[in-house]
Amino acid sequence: MQRTQAMTSVQPDWENFYPRPISEKTPFFSKDGRLYDCLFAQQLNRELLEHLFSTADRLRAVTQKKDGADYVSALLSDKRAMLYFVQPSTRTFMSFLNACHILGIKTSEIRDTTTSSEVKGETPEDTVRTFSSYVDMIIMRHPAPGFVEKTAWLMNRTGRPVPIVNGGSGKDQHPTQALLDMYTLHRSFGGELDGKHIVMVGDLKRGRTVRSLSYLMKNYKNVSLSFVSPRQFCMEPDILEFLKRHNIPFTETEDFKGVMKSADAIYMTRIQDEHDKSGESKAVDYSPFHFRKEHLDLIKKTCVILHPLPRRHEIEVTVDDDPRAVFWRQERNGMWARAALMAYIFGVDGKIR
Ligand code: NCD
């Protein structure tokens, strides 16, 4: 692959680079006019989203038959990917791993820093640089905000850059989750996403999925948002500022029942108590932010219920049988959406017909 101007020109050091607006930073994470490192939801514009949705649809269709599945699994059989997931993960890890297998990408994994040379004192930066010596892509989940981006920044300055895909970074971003959430909405609404009222519920302050999903709303017309959360865990001001800048109307409320009636989609989340400093989650009554079976009678016939999962009690298990509960389909959509993204990054998306 040809390195772009942005990559070869003199770049500022990390401390100067990191605080810059995303719009200034994205050229550094692109190559030949294509997204190269997938780090922020803001990198996904409407054209790219729709392209990835149709690629995912084609992948599903083509792989239904064995000869199609064999064809697709040869597309990237010369590539290897590293899954570096040093924060707990079930779905994101499994869906990326299986998306790699669908495309024929060979995989290796580290899920615990105690099994790598980090225990000998090697820096995380040197550790990930080492992976890049052996593989063609690194898919990462890391607890420190900005670390995935720093890895991509570091890699792009080396003689052997490999694309970095963000599988969840700290509390700040989870762009491929936003991609699969949008893909699920796209499939649920038959492609008609404009004009929808989307209600996000739960721990909005510390949930990275709702943050990344909010960024994607700038790609759609006349979308409105309602943020429903306990006061202590309301959406952070940077996201509200972003929505204002893009003229996306939103409301903030604790009255879940009041807003669910007009929702086209309800996006539930769990309390993110792993980020507690001194047990602050325990002080909150989360029950008003649960979706119960009786709520099924209050919502629209066409409303869909999403959840990035894992769930605790925020959605009653009996809700799962309702056709409007799409979260199990959503997690499977993740595998196809991530396969589409990797096919795109490696430039074989055009071969999936
Ligand atoms: C989410 C995450 O890790 O941010 N899960 C996921 O990726 N499917 C949501 C969560 O953990 O609550």
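Quick note: structure is the one above.
Residues numbered from 1 in each chain as written. Predicted model: local features only at pLDDT ≥ 70, side-chain atom pairs only at ≥ 80, totals over all residues. Heavy atoms only, no water.

1. Focus on the sheet that holds strand 11 (residues 304-306)
Next up, step 1: With respect to topology, five strands assemble into an open sheet ordered 9-8-7-10-11, the strand pairing being parallel. Each having just a single partner strand, strand 9 (250-253) and strand 11 make up the two edges of the open sheet. Along the sheet, successive strands turn relative to each other by an average axial angle of 15°, direction set aside.
Next up, step 2: Two elements, strand 8 (residues 224-228) and strand 9, share four bridges in a ladder whose sense is parallel. The partner of Ser226 across the bridge, within strand 9, is Thr251. (Pairing = 2+ DSSP bridges. Helix = DSSP H or I, 4+ residues; strand = E, 2+ residues; numbered from the N terminus. Axes fitted to C-alpha atoms, helices over the stretch in contact; angles between N-to-C directions.)

2. With respect to the environment of Lys257
Next up, step 1: Looking at the secondary structure, you find Lys257 in helix 12 (residues 256-260).
Next up, step 2: Residue classification places Lys257 among the partly exposed positions, given a relative accessible area of 47%.
Next up, step 3: Placed 34 residues apart in sequence, Lys257 and Phe291 show a C-alpha to C-alpha distance of 9.3 Å. (Buried < 20%, exposed > 50% of the residue type's maximum accessible area, 1.4 Å probe, protein only.)

3. Comments concerning the site of the ligand
Next up, step 1: Taken together, Thr92, Arg141, His174, Gln177, Arg208, Thr209, Arg270, Gln272, Pro308, Leu309 and Pro310 are the residues near the ligand.
Next up, step 2: Between the ligand and Thr92, the relevant distance is 2.9 Å, taken from an oxygen atom to a side-chain nitrogen or oxygen of the residue.
Next up, step 3: Here Gln177 contributes a side-chain N or O atom positioned 3.3 Å from a nitrogen atom of the ligand.
Next up, step 4: For the ligand, whose accessible area on its own is 320 Å², the fraction buried by protein is 93%.
Next up, step 5: Here the residues of the shell around the ligand are counted per class, giving three nonpolar, five polar and three charged. (Near = heavy atom within 4 Å. Polar contact = N/O pair within 3.5 Å; in protein donor to acceptor, adjacent residues only side chain to side chain. Areas by Shrake-Rupley, 256 points an atom, 1.4 Å probe, with all protein chains shown as cover. Nonpolar A, V, L, I, M, F, W, Y, C, P; charged D, E, K, R; others polar.)

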